[in-house]
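These are the residues of each chain, in order.
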Amino acid sequence: MIKITSEKNEVSLVAEMIKESEYLVVFTGAGISTESGLADFRGKNGLWTRRDKGLPPPKSKHFDEVEPNPAHLALVELQNQGRMKFLISQNVDNLHLQSGIKLNQISELHGNYKLVKCLKCDSRFSRDEVGWIRDIHGRGSRKEPPQSNQPICKKCQGRLISSVVDFNDPMPEKEVELAKYHSLECDLMIVVGSSLSVFPAANYPKLAKDNGAKLIIINTDPTRLDHLADLHIREKAGEFLLKLIKELEKRLKS
Ligand code: APR
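Residues numbered from 1 in each chain as written. Predicted model: local features only at pLDDT ≥ 70, side-chain atom pairs only at ≥ 80, totals over all residues. Heavy atoms only, no water.

Caption draft 1: Region of the structure containing the site of the ligand. Phe41, Arg42, Ser194, Ser195 and Asp221 are the nearest of the 24 residues found near the ligand. A distance of 2.5 Å separates an oxygen atom of the ligand from a polar side-chain atom of Asp221. In the complex, 93% of the free accessible area of the ligand, which totals 740 Å², lies under the protein chains. Of the residues belonging to the shell around the ligand, the class tally is seven nonpolar, 11 polar and six charged. (Near = heavy atom within 4 Å. Polar contact = N/O pair within 3.5 Å; in protein donor to acceptor, adjacent residues only side chain to side chain. Areas by Shrake-Rupley, 256 points an atom, 1.4 Å probe, with all protein chains shown as cover. Nonpolar A, V, L, I, M, F, W, Y, C, P; charged D, E, K, R; others polar.)

If you want it as structure tokens, here you go:
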């Protein structure tokens, strides 16, 4: 772990590491969306944290009500500057795509609440595209029996289900393959807002590190992989990433 002397150094150190990197991959979890108003799972006020204390669920906006926050927008900036080569996310809230991350630059490991997928040909469609209305057609979980009124795949007439991966569901093959490829290609991985407690997703930062990449974790609380991190920034993602983008711009001008 690199010794930090002051907060300012953290920003300039991460900026330096990004400038030296040739293949930056970012890995995100629910913590990147809390500043948009969504609850996370294992943070101090998270869904599972409160459940385990016998408390009611935390206050949280619905996916349809929230907007990308400065942390999401900072990643779009890193993408548009050609610095971030790929984004691996555990989030299903669609905020990365909504913020401007390109479809071919992201692997949504746990799916996306706006998308359904075909069990036969694995095609993806937005719920709007196929006219899937949750109140009429249900959530579309693969564990529920198909309803006769549910839309079918436009390409192969196969059964459509929600793309969201529930516990014990199989992981999406294409997304897993892309996540593994880019984790092995990267020379720097930055984890933003994940407790790194859920596998196989949490394997990717370890895979990158074991393969020689540097690992930076931006997370307000401890994570399962802190012992592997070269740097752990204990700050809110939105605040830190905003400072980071400003620092990178400053270096561009100097
Ligand atoms: N800035 C930085 N870190 C934050 C912020 C923030 N604004 N808000 C919360 N965090 C931290 C929390 O302290 C926590 O450690 O982000 C982390 C989020 O961890 P989790 O809630 O465990 O979310 P995640 O790692 O994405 O969970 C993985 O678990 O329940 C499943 O399928 C679900 O995809 C999810 C998976």
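Read on, since the account is not over.
Caption draft 2: Structural context of the packing of aromatic side chains. Tallied over the full model, the rule gives two aromatic pairs. Taken together, a centroid distance of 5.5 Å and an interplanar angle of 35° make the contact between Phe41 and Trp48 tilted. In this structure Phe41 comes out as partly exposed when scored by relative accessible area, which is 35%. Judged by relative accessible area, Trp48 falls into the partly exposed class, the value being 21%. Centroid distance Phe63 to Tyr113: 4.8 Å. Interplanar angle 50°. Geometry classified as tilted. (Phe/Tyr/Trp six-rings, centres within 6.5 Å; stacked < 30°, edge-to-face > 60°. Buried < 20%, exposed > 50% of the residue type's maximum accessible area, 1.4 Å probe, protein only.)

Caption draft 3: Summary view of the sheet that holds strand 4 (residues 115–118). Taking strand neighbours across the sheet as the criterion, the three strands line up as 5-4-6 in an open arrangement whose pairing is antiparallel. Looking along the sheet, the strands with just one partner apiece sit at the ends: strand 5 (124–126) and strand 6 (160–162). Shown here is a sheet whose adjacent strand axes are inclined to one another by a mean of 35°, direction ignored. Pairing of strand 4 with strand 5, which is carried by three bridges, proceeds in the antiparallel orientation. By the bridge assignment, Lys117 is partnered in strand 5 with Arg124. (Pairing = 2+ DSSP bridges. Helix = DSSP H or I, 4+ residues; strand = E, 2+ residues; numbered from the N terminus. Axes fitted to C-alpha atoms, helices over the stretch in contact; angles between N-to-C directions.)

Caption draft 4: Molecular detail of the packing of helix 3 (residues 70–80) against helix 9 (residues 237–253). Relative orientation of the contacting elements helix 3 and helix 9 amounts to 30°, with a least axis distance of 8 Å. In this view, helix 3 runs roughly parallel relative to helix 9, as classed from their interaxial angle. Classified by chirality, the crossing of helix 9 by helix 3 is left-handed. Together, Pro70, Ala71, Ala74, Leu75, Glu77 and Leu78 of helix 3 and Ala237, Gly238, Leu241, Leu242, Ile245 and Leu248 of helix 9 make up the contact between the two elements. Looking at the contact of helix 3 with helix 9 residue by residue, the class counts come to 10 nonpolar, one polar and one charged. (Parallel < 35°, antiparallel > 145°, perpendicular 65-115°, else oblique. Left-handed = near helix turned anticlockwise from the far one by under 90°. Contact = heavy atoms within 4.5 Å.)

Caption draft 5: Region of the structure containing unusual backbone geometry. Looking along the chain, the bond that leaves Phe199 and enters Pro200 is cis, with omega of 10°. For Pro200, the location among the structural elements is in the loop between strand 7 (188–192) and helix 8 (203–210). Look at Asp122: it is not a glycine, yet its phi comes out positive at around 65°. One can find Asp122 in the loop between strand 4 and strand 5.

The analysis is restricted to geometry; functional conclusions fall outside its scope.
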